[in-house]
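Each chain is listed here by its residues.
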Amino acid sequence: MIHVKKSLDIALLILFFIGLASNFMSATAHEAAGIIFVVGVVAHNVINRNFYRNFLRGKFTRRRIINHATIILFAVGVVTLAVTGAALADFVPASAEINWRSLHLTAAILSTVALFVHILIHASRYVHGKIFYASAMVTFVFAVAAIFGLPYVDRWFHTVKVNRTEILRGERLEVDGKILIVYFGRVGNTNFPAQVDAVSGASLMLDGTELVGNTQMIAELVQSVTGGEIFALRTEKIYPADYSQTVQVAKHEFESGELPALKTLPNVADFDKIVLIYPLWWHTLPKPVENFLRSCDLSGKKIYPIVTHGGGGLGESIDALKTLTRAEVCTPLDIYSSDIPSARKNIFAWLKGLEILP
Ligand SMILES: Cc1cc2nc3c(=O)[nH]c(=O)nc-3n(C[C@H](O)[C@H](O)[C@H](O)COP(=O)(O)O)c2cc1C
């Protein structure tokens, strides 16, 4: 029996790491690893059920309290992972109001930390002195790497393959058609090399071999929900293909106050509702979007802002937007860059809630 227990524990540990490496595998492989892991955890608990019989009995030493706490924390983490995973994989109907992805990520971090502390506590029975401190150090490094590394890996190295036909499919809202969808993004304002994989990352998605920008995808999603006309803001200048260099160029724009010239402006006079989609740049509105707002008279119109970002939410962009326009700024929607392919139902619910209907 002891061998079965040990083998299962080692298999579970390996599976847990496979699950953590979700950015390097297909969604199906990640879901399969998740399901097997949850089944394995249930089996682990059935085999170790005696532990629960004595859960509250006996003396509570400091070590025992920490051990119990990490087990409870891990259990909460795994249950959250299972529920949010099922929602993300569309195994169960899930509310569009909840950000399942960030909950899933938070649960992954929580479980990783709990698991390492759990292992450390058990290791302290067998290893002492310097070796124990060394392993504690390694544990700490792993835990910190999990906390900061997971979102980082998720944000910057996740090449997203999308299928527009599937993503854009869904329920329509009946609107009067006088909706203008204005967006700004890197794609369309950058000369990306043909070998886009060499530079792909957070801001890029591939539909077959075609590059699709985050904000562009959102614009197409809004159009698939509302109809409406899409207008892409194009700057005279070309932004660098390299992500970090673009960040530096944008920094310079903010520092110098430069307003990058736009090739053309949309004919806003024909519309009274404008869905404005932009990426969060340095916690606020990109300068080309500021230029659009300064160049067009939007008084009397309604702006519905959608902000795509890498974790910063709306940042300070809505305050900036309000100071730059006379239009009425409606309740905004922020979308985490990795959530874009599955954002249609959120966009639908948000627009419906805002009564964008005629
Ligand atoms: C110049 C620049 C600055 C950025 N600054 C932030 C930021 O402050 N906070 C954040 O969460 N994301 C930031 N991001 C990430 C983008 O908001 C995010 O990747 C967005 O979805 C990009 O959309 P796009 O591909 O359509 O340009 C920045 C990206 C760039 C290129």
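Owing to the predicted nature of the structure, the values given are computational and were not obtained by experimental measurement. Position numbers for residues count from 1 along each chain, tracking the sequence in the order it is written. The model is predicted, so local features are restricted to residues of pLDDT at least 70 and side-chain atom pairs to those at 80 or more, both for listing and for counting; the totals for chains, interfaces and linings are taken over all residues. Excluding hydrogens and water, the side-chain values take into account all heavy atoms of the structure.

Undergrad: Which residues make up the overall build of the protein chain, and what values do they have?
TA: Helices and strands together make up the secondary structure of the protein chain, namely 12 helices and nine strands. On the protein chain, roughly 18,900 Å² of surface is accessible, and the fraction owed to carbon and sulfur atoms is 61%. Secondary structure elements are defined from DSSP: runs of H or I of at least 4 residues count as helices, runs of E of at least 2 residues count as strands, and each element is numbered from the N terminus. In this description, accessible areas are obtained by the Shrake-Rupley approach with a 1.4 Å probe, and a residue is regarded as covered only by the protein chains that are shown.

Undergrad: Please set out the pairing of strand 4 (residues 210-213) residue by residue, giving values where relevant.
TA: Pairing analysis gives four bridges linking strand 3 (residues 204-207) to strand 4, with the strands arranged antiparallel. Looking across to strand 4, one finds that Asp207 is bridged to Glu210. A strand pair is defined by DSSP finding two or more bridges across the two strands. Here strand 3 hands over to strand 4 after two residues, with Gly208 in that stretch at a positive phi of 65 degrees.

Undergrad: Please set out the nonpolar core residue by residue, giving values where relevant.
TA: Judged by nonpolar contacts, the single largest core of 30 residues is most densely connected at Ile218, Val222, Val275, Ile277, Ile306, Ile335 and Ile347. Those elements that provide at least two residues to this core are strand 2 (179-183), helix 8 (214-226), strand 6 (273-279), strand 7 (302-309), strand 9 (333-336) and helix 12 (344-353). In terms of residue count, the dominant contributor to this core is helix 8 (six residues). Should any heavy atoms of two residues lie within 4.5 Å, those residues are considered in contact. In contact with Val222, not counting residues within four places along its chain, are Ile181, Gly227, Val275, Ile277, Ile306, Ile347 and Leu351. Definition of nonpolar core: a set of buried residues of the types Ala, Val, Leu, Ile, Met, Phe, Trp, Tyr and Cys, connected through side-chain atoms within 4.5 Å. Exposed residues in this analysis have more than 50% of their type's maximum accessible area, buried residues have under 20%, and partly exposed residues fall in between, with area computed by a 1.4 Å probe over protein chains only. Formed by 28 residues, the second largest nonpolar core is a distinct cluster that contains Leu233, Leu276, Leu285 and Phe292.

Undergrad: If you had to explain the side chain of Gln216 to someone new, which residues and values would you point to?
TA: Looking at the secondary structure, you find Gln216 in helix 8. On the accessibility criterion, Gln216 (11% relative accessible area) is buried. Within the local environment of Gln216, its side chain forms a polar contact with the backbone nitrogen of Gly213, the two atoms lying 3.1 Å apart. Dropping the residues within four chain positions of it, Gln216 is found in contact with Arg164, Tyr183, Val187 and Leu211. The term polar contact refers here to a pair of N or O atoms within 3.5 Å; inside protein, the definition further demands a hydrogen-donor-capable atom paired with an acceptor-capable atom, and it admits residues adjacent in sequence only when both atoms are side-chain atoms.

Undergrad: Can you tell me about the site of the ligand, naming the residues and giving the values?
TA: The criterion for a residue being near a molecule or strand is simple. One of its heavy atoms has to lie within 4 Å of it. Taken together, 21 residues lie around the ligand, and Asn214, Leu280, His283, Thr308 and Gly312 are the ones closest in. Contact between the ligand and Arg186: an oxygen atom at 3.0 Å from a main-chain N or O atom of the residue. Isolated, the ligand exposes 640 Å² of accessible area, and the fraction of that covered by the protein chains is 96%. At the level of elements, helix 8, helix 9 (243-256) and strand 7 are the ones that each hand at least two residues to the shell around the ligand. Per-element accounting of the shell around the ligand gives the leading share, four residues, to helix 9. Throughout, the ten residues Ala, Val, Leu, Ile, Met, Phe, Trp, Tyr, Cys and Pro are labelled nonpolar, Asp, Glu, Lys and Arg are labelled charged, and all others, Gly among them, are labelled polar. Its residues assigned to classes, the shell around the ligand shows seven nonpolar, 12 polar and two charged.

Undergrad: Can you tell me about the packing of aromatic side chains, naming the residues and giving the values?
TA: When two rings of Phe, Tyr or Trp (its six-membered ring) have centres within 6.5 Å they constitute a pair, described as stacked for plane angles under 30 degrees, edge-to-face for angles over 60, and tilted for the intermediate range. Enumeration according to the criterion identifies 10 aromatic pairs in this entry. Consider the rings of Phe51 and Tyr52, whose centres lie 5.3 Å apart with planes at 85 degrees: the pair is edge-to-face. Exposure remark for Phe51: the relative accessible area of 29% places this residue in the partly exposed category. With a relative accessible area of 38%, Tyr52 lands in the partly exposed category. Measuring from ring centre to ring centre gives 5.4 Å for Tyr239 and Trp281, while their planes differ by 75 degrees; the resulting arrangement is edge-to-face.

Undergrad: Before we move on, can you summarise helix 12 with the specific residues and values?
TA: Listed as buried for helix 12 are Arg344, Ile347, Phe348, Trp350 and Leu351. Burial along helix 12 is one-sided: seen end-on, the buried residues are contained in an arc of 170 degrees. Tucked inside the fold, the buried residues of helix 12 contact helix 7 (164-167), helix 8, strand 7 and strand 9. The arc under discussion is defined with respect to the helix axis, by the directions toward the C-beta atoms.

Undergrad: Go over unusual backbone geometry, please, and point to the residues and values.
TA: Positive phi is not limited to glycine here, since Trp282 has a value of about 50 degrees. Mapped onto the elements of the fold, Trp282 is located in the loop between strand 6 and helix 10 (287-295). In this structure, His283 takes a positive phi of about 70 degrees despite not being glycine. Turning to its location among the elements, His283 is positioned in the loop between strand 6 and helix 10.

Undergrad: Before we move on, could you go through the sheet that holds strand 4 and cite the residues and values that matter?
TA: Spatially, three strands are ordered 1-3-4 in an open sheet, and the strand pairing comes out mixed. At either end of the open sheet lies a strand with only one pairing partner, and these are strand 1 (160-161) and strand 4. The sheet contact formed by strand 1 and strand 3 spans two bridges and is parallel. The residue bridging Lys161 from the neighbouring strand is Leu206, located in strand 3.

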